[in-house]
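Here are the chains, one letter per residue:
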Amino acid sequence: DFGLLPNGSPYYVMELLPPRTLSHLLMEQGRLSPERTLEFLEPVCDALGAAHRAGVVHRDLKTSNVAVLSTGEPPQVKLLDFGIAKIIHPEPGQPSLTADGQRLGSTHMMAPEQIRGGPIGPAADIYALGVMLYRMLTGDYPFQSKNRLEVEQMHLEAPPPRPSARAPVSSAVDAVVLRCL
């Protein structure tokens, strides 16, 4: 909910979630097994699918934007922070919060089209999902450097690495990650 208080101050009401995210879980546990990775990513994929069907691209998909409510089986997670989301087909005359050419997102997760400042669609979220998948399976990002520009250059030019080069995963899992990337 949102509105104005009697004194004119704005308010915004949202669900109180625990502060634990998928990033925290990965810091605690390191990489996850393919089976456990799938359990965490299925609800994220469901949320992305719903957003894409509604014409919304998240644009900042990353492990710190996935709240972990429970690590049970199955785990309970929520996809958060649609703060820089983009409406794919806004209504005529509706102002857009962002325009082509703006680079928004997290460097390690950014799709090549985001880096280039080009038009953004659901494929940008699928790319970030592939980076998340790689990170969950291996414990690391596919492209690493302390220099942000080098990471961007790798996203643009380097062939995506196979997770199986860093973790015990099957060629079928490699194929899914590489397809996303």
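A. Geometry of the packing of helix 1 (residues 22–29) against helix 4 (residues 122–138). Two elements in contact, helix 1 and helix 4, have axes separated by 10 Å at closest approach and are oriented at 25°. When the axis of helix 1 is compared with that of helix 4, the two are roughly parallel. Contacts between helix 1 and helix 4 involve L22, S23 and L26 from the former and M132, R135 and M136 from the latter.

B. Structural context of the pairing of strand 4 (residues 66–70). As paired elements, strand 4 and strand 5 (residues 76–79) share four bridges and run antiparallel to each other. Within strand 5, the position partnered with A67 by the bridge is K78. Once strand 4 ends, the chain turns through five residues before running back antiparallel as strand 5.

C. Up close: the pattern of salt bridges. Summed over the entire model, instances satisfying the criterion amount to six salt bridges. Put simply, E15 and K78 hold a salt bridge, and the shortest N to O gap is 2.6 Å. Of the two residues, E15 sits in the loop between strand 2 (10–12) and helix 1 while K78 sits in strand 5, which places them 63 residues apart along the sequence. Using a relative accessible area of 48% as the deciding quantity, one classes E15 as partly exposed. For D140, the salt bridge goes to R166, with nearest N and O atoms at 2.6 Å.

D. Up close: the environment of Y134. By the element assignment, Y134 lies in helix 4. Sequence separation between Y134 and R162 is 28 residues, and the spatial gap between their C-alpha atoms is 8.3 Å. Y134 has contacts with G139, D140, Y141, P142, P161, R162, P163, R166 and V177, leaving out every residue within four places of it along the chain.

E. Representation of the nonpolar core. In this structure, L22, F40, L61, M132 and M136 are the most contacted members of the largest nonpolar core, which totals 32 residues. Those elements that provide at least two residues to this core are helix 1, helix 2 (34–53), strand 4, strand 5 and helix 4. Among the elements that line this core, the one with the most residues is helix 4, at ten residues. Those residues in contact with M136 that sit more than four places away from it in its chain are L22, L26, R31, L32, T37, F40 and L41.

Definitions and cut-offs
Residues numbered from 1 in each chain as written. Predicted model: local features only at pLDDT ≥ 70, side-chain atom pairs only at ≥ 80, totals over all residues. Heavy atoms only, no water. Axes fitted to C-alpha atoms, helices over the stretch in contact; angles between N-to-C directions. Helix = DSSP H or I, 4+ residues; strand = E, 2+ residues; numbered from the N terminus. Parallel < 35°, antiparallel > 145°, perpendicular 65-115°, else oblique. Contact = heavy atoms within 4.5 Å. Pairing = 2+ DSSP bridges. Salt bridge = Lys/Arg side-chain N within 4 Å of Asp/Glu carboxyl O. Buried < 20%, exposed > 50% of the residue type's maximum accessible area, 1.4 Å probe, protein only. Core = buried A, V, L, I, M, F, W, Y, C linked by side-chain atoms within 4.5 Å.

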